[in-house]
Amino acid sequence: MKIRNLFFKITFLVTVLFSFNHSLSAQTVEEGKTLFTANCTACHAIKDKVVGPALKDVDKRRKEAWLIKWIKNSQAMVKSGDPEAVQVYKENNESIMTSFESLTDTQIKSILAYVKAESEAPAAVPQTAGTMPAAGNNANTTNNQESNINWMLMIIGILLIVIISQVFKILSRIGEIQGKPVVTWNKTNGILMMAFLIIGLLATVWEFAVHGPLTVFEAGPASEHGVEYDSMFMITLVLTGIVFVITQVLLFWYGFKYKSDGKRKALYYPDNHKIELLWTIIPAIVLTVLVIRGLITWNHMTNHNDPKARKIELFAYQFGWNARYAGTDNKLGAHNFREVGVMNALGVDTNDVNAYDDVITNELHLEVNQPVDLAFRAKDVIHSALLPHFRVQMNVVPGLPTKFSFTPTVTTAEMRTKMNKPGFDYVLLCNKICGSAHYRMKMKVVIDTKEEYQKWINSQNVLVANKVKNKTVALK
Ligand SMILES: [Cu+2]
C-alpha cells in the first residue's frame, strides 16, 4: 500500500514538472503581456501617451532591431546620436526611459508581439481574449506541438508507474502463495539507505565543487565589514558541515547495519546519562559561541557611524532602482510622498533647499575606501536591497526608512583583474521573490577611485540646477 502511495506521489510530481516545463516554453503574446504589465505600464499605454509615447503601431514606425536596442538601453542610443532616438527623446521633453538590459531578445520580441496584437485589436474591446489576433496564433502552433509531446511523455510516465506498481502487486501475491516474501522490504530498505547516503554525500561534494565557484564568496568580500562577515559565514558553514556529515553517516549507516535479518532482536536501551549530557552540552556551547560571535559581528556592521560618510538614498519602485546623492552639502533633501508624480518620481520635497543640489542617477557610483550611509526608501511595495559583493542586504519598506552604512574596499577595476573577468560589474539587486519582476530589478554599481568618482559626480545634473549653478531645471 505504501509503495502505491509513493507511486501516486511520483506521478503527481511528474505531472507538475511537465506542466512547469510547458509554461516555460510558452513565450508569446501572453508572456509579452505579463512583461509589459510588469515593466512598461508605469510609463506606457498602447493607445494613450503616459510618460512615454503611445506604443500603438510602433512596429510599423521602427525596425525590430532598433526597438530591441532601444528598449535595452535607450540612453546609449541617444548619446550615440542615432537620429530616430534623438528625435523621440526630444519629442518627449528629454525624459529618460529606464534601460532593460536584463530583458532577453526573446522577451522583448514577446513584448513587441503583445504591443502589435493590442495595436490591431478593435478599440471597443481592447483586452478580451477573444480578440487576440493573428500575431499570437503562429507562435501558438509550435507551442501546441510542444505541449502535445509533453502530454505524451506524461501519459507514458503514468503508464510506466502503473505497470511497475502492478508488478509489485503480483510479486506480493506470489509471496503470499509461497508463504515466503519474494522481496524482503527490510533488507531492500537497508540497502537503499546506504545507497542514499553515498549518493547524497557525493552530490554534496559535487554541489560545492561545481557551484561553489559561482557564488560571490569566490571573489572575496569587497567591503570592510565583509571580511568579518565572511569569516563568520565560513565558521558556521564548517561547523554545521561537520555535524551534517556525522549525523547523516550515523543515521543511514545504522539503518543499513541493523536491517532486520529476522533473527536478531533489538536491544532495549532506555537512556545513558553520559551520552545525553554530551550531546546536549556540546551543541549548547557551540551554538552559544556562534550566536555571541554573530551578535558582535552584527553590532560592528550596524553601528557603523561615521560623520564623514557620504549620504546616498536608494529608491526602490516597481520595478527598478534610483540613487539620490546628497550633493555638496552632504544633506539629502526631504521627501514628501504627496509630490510623487510623473515629473518627480522620487517625491523629493521641492520646498527643501537641501534638495536643490541632490543628484538622481540610474547607476550607483561609490568611492573606494570612503564610508557611505545608504538610506533606503520604497515607493510602492516591500523590496530588498542586496549588494552581494559587499555583503549588504536591507529590506526597503514603504513608509519606513531603513539604512545601512559600509565602506567599499575594492574598485571595479581591481575586482575585474582579481576575477580575471574584464566585463565584470558589481550589482544592486532586489532580493524579494514575491511577484514576477523583483528579480529583474537591477542597478549597476561602480566602485571608483577618488578621481573617477569626482569626474563622474561632476558630470551628473543636479536637481534644481539654476538655484545652484547656471544650468537648466532638471527635476526628474
Ligand atoms: Cu523589488
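Per-chain numbering applies: the sequence of each chain, read as written, is numbered from 1 onward. Reporting in this predicted model follows two pLDDT cut-offs: at least 70 for local features of residues, and 80 or more for side-chain atom pairs to be given and counted; totals over whole chains, interfaces and linings ignore these cut-offs and use all residues.

As a further point, take the overall build of the chain. Under the scheme used here, helices are H or I runs from DSSP no shorter than 4 residues and strands are E runs no shorter than 2 residues, and both carry numbers assigned from the N terminus. In terms of regular secondary structure, the chain is built from 14 helices and ten strands. Any residue with 12 or fewer other C-beta atoms within 10 Å of its own C-beta is exposed, any with 20 or more is buried, and the rest are partly exposed; the C-beta atoms used are placed from the backbone. Looking at the 476 residues of the chain, the share that counts as buried comes to 21%. Note on contacts: residues are paired as contacts if their backbone-placed C-beta atoms lie within 7 Å. Residue pairs at least 24 apart in sequence account for 65% of intrachain contacts in the chain once pairs closer than 6 positions are excluded.

Turning to helix 7 (residues 105-120), a few remarks are in order. What a helix is expected to span follows from its residue count: subtract one and scale by 1.5 Å. For helix 7, with 16 residues, the first-to-last C-alpha span of 22 Å sits near the 22 Å given by 1.5 Å per residue. Along helix 7, the positions that sit buried rather than exposed are Gln107, Ile108, Ser110, Ile111, Leu112, Ala113, Tyr114, Val115, Lys116, Ala117 and Glu118.

So, about the confidence of the model for the chain. Of the residues in the chain, 87% reach a pLDDT of 70 or more, and the chain-wide mean stands at 83. Taken together, the stretch residues 18-26 has pLDDT below 50 and engages in ten contacts with residues farther than four places along the chain or on a different chain. pLDDT runs from 0 to 100 and stands for how confident the predictor is about each residue.

Working convention: axes come from line fits to C-alpha atoms, limited for helices to the stretch in contact. Angles between N-to-C directions cover 0 to 180 degrees. Relative to each other, helix 9 (residues 185-211) and helix 10 (residues 224-257) sit at 155 degrees, their axes nearing to 7 Å. Relative to helix 10, the element helix 9 is oriented roughly antiparallel. When you trace helix 9 past helix 10, the crossing you get is left-handed. Where helix 9 abuts helix 10, its residues Gly190, Ile191, Met193, Met194, Phe196, Leu197 and Gly200 lie against Gln248, Val249, Phe252, Trp253, Gly255 and Phe256. All residues other than Ala, Val, Leu, Ile, Met, Phe, Trp, Tyr, Cys, Pro, Asp, Glu, Lys and Arg, Gly among them, are scored as polar; the first ten of these are nonpolar and the last four charged. Class assignment of the residues belonging to the contact of helix 9 with helix 10 gives a composition of nine nonpolar, four polar and no charged. Between 65 and 115 degrees an angle is taken as roughly perpendicular, under 35 as roughly parallel, over 145 as roughly antiparallel, and anywhere else as oblique. We call a crossing left-handed when the near helix sits turned anticlockwise from the far one by less than a right angle, and right-handed when that turn is clockwise.

Pairing is mixed across the open sheet formed by five strands, whose spatial order is 4-10-9-6-7. Pairing within the sheet leaves two strands with one partner each, and these edge strands are strand 4 (364-367) and strand 7 (392-396). This sheet shows a mean twist of 20 degrees between the axes of neighbouring strands, independent of strand direction. If DSSP finds at least two bridges between two strands, the strands pair. The pairing of strand 6 (residues 383-387) with strand 9 (residues 426-430) spans two bridges and is antiparallel. Looking at the pairing, Ala385 lines up with Cys430 of strand 9. Where helix 13 (residues 450-458) meets the sheet, it contacts strand 4 and strand 10 (442-448), and its direction lies at approximately 140 degrees from that of strand 4.

By our criterion, buried Ala, Val, Leu, Ile, Met, Phe, Trp, Tyr and Cys residues that link up through C-beta atoms within 7 Å make up a nonpolar core. Core analysis: the biggest nonpolar cluster contains 43 residues, and Ile312, Leu314, Ala316, Trp321, Leu374, Ala385 and Leu428 have the highest contact counts within it. Each residue touching Ala316, except ones within four places of it in the same chain, is listed here: Trp321, Ala378, Lys379, His383, Ala385, Val396 and Cys430. Grouped together as the second largest cluster of nonpolar side chains are 18 residues, Trp70, Phe100, Ile111 and Tyr114 included.

We now examine the environment of Met194. Relative to the elements of secondary structure, Met194 occurs in helix 9. With 16 C-beta atoms packed within 10 Å, Met194 lands in the partly exposed category. C-alpha separation for the pair Met194 and Phe252, spaced 58 residues apart in sequence, amounts to 6.0 Å. Apart from residues lying up to four places away in sequence, Met194 is in contact with Phe252 and Phe256.

Following the sequence through the fold, Met343 ends up in the loop between strand 2 (320-325) and strand 3 (359-361). Residue classification places Met343 among the exposed positions, given that 12 C-beta atoms sit within 10 Å. A C-alpha to C-alpha distance of 8.7 Å links Met343 and Ser95, two positions 248 residues apart in sequence.

Here we take up the pairing of strand 7. Relative to strand 7, strand 6 runs antiparallel, the two sharing five bridges. The partner of Leu386 across the bridge, within strand 7, is Gln393. Joining the antiparallel neighbours strand 6 and strand 7 is a turn of four residues, in which Arg391 adopts a positive phi near 55 degrees.

Read from one edge of the open sheet, five strands run 3-2-1-5-8, paired in mixed fashion. Strand pairing shows two members of the sheet lacking a second neighbour, strand 3 and strand 8 (402-406), which therefore form its edges. In this sheet, neighbouring strand axes are inclined to one another by 25 degrees on average, regardless of whether the strands run parallel or antiparallel. Sheet analysis places strand 5 (residues 372-378) next to strand 8, joined by five bridges and oriented antiparallel.

Walk down a regular strand and you will see the side chains alternate between the two sheet faces. In this structure, strand 4 lies alongside strand 10, joined through four bridges in parallel fashion. Opposite Leu366, over in strand 10, you have Ile447 as the bridge partner. Looking at chain direction, strand 9 and strand 10 are connected through four bridges and run antiparallel. In the strand pairing of strand 10, Leu429 is matched with Lys442.

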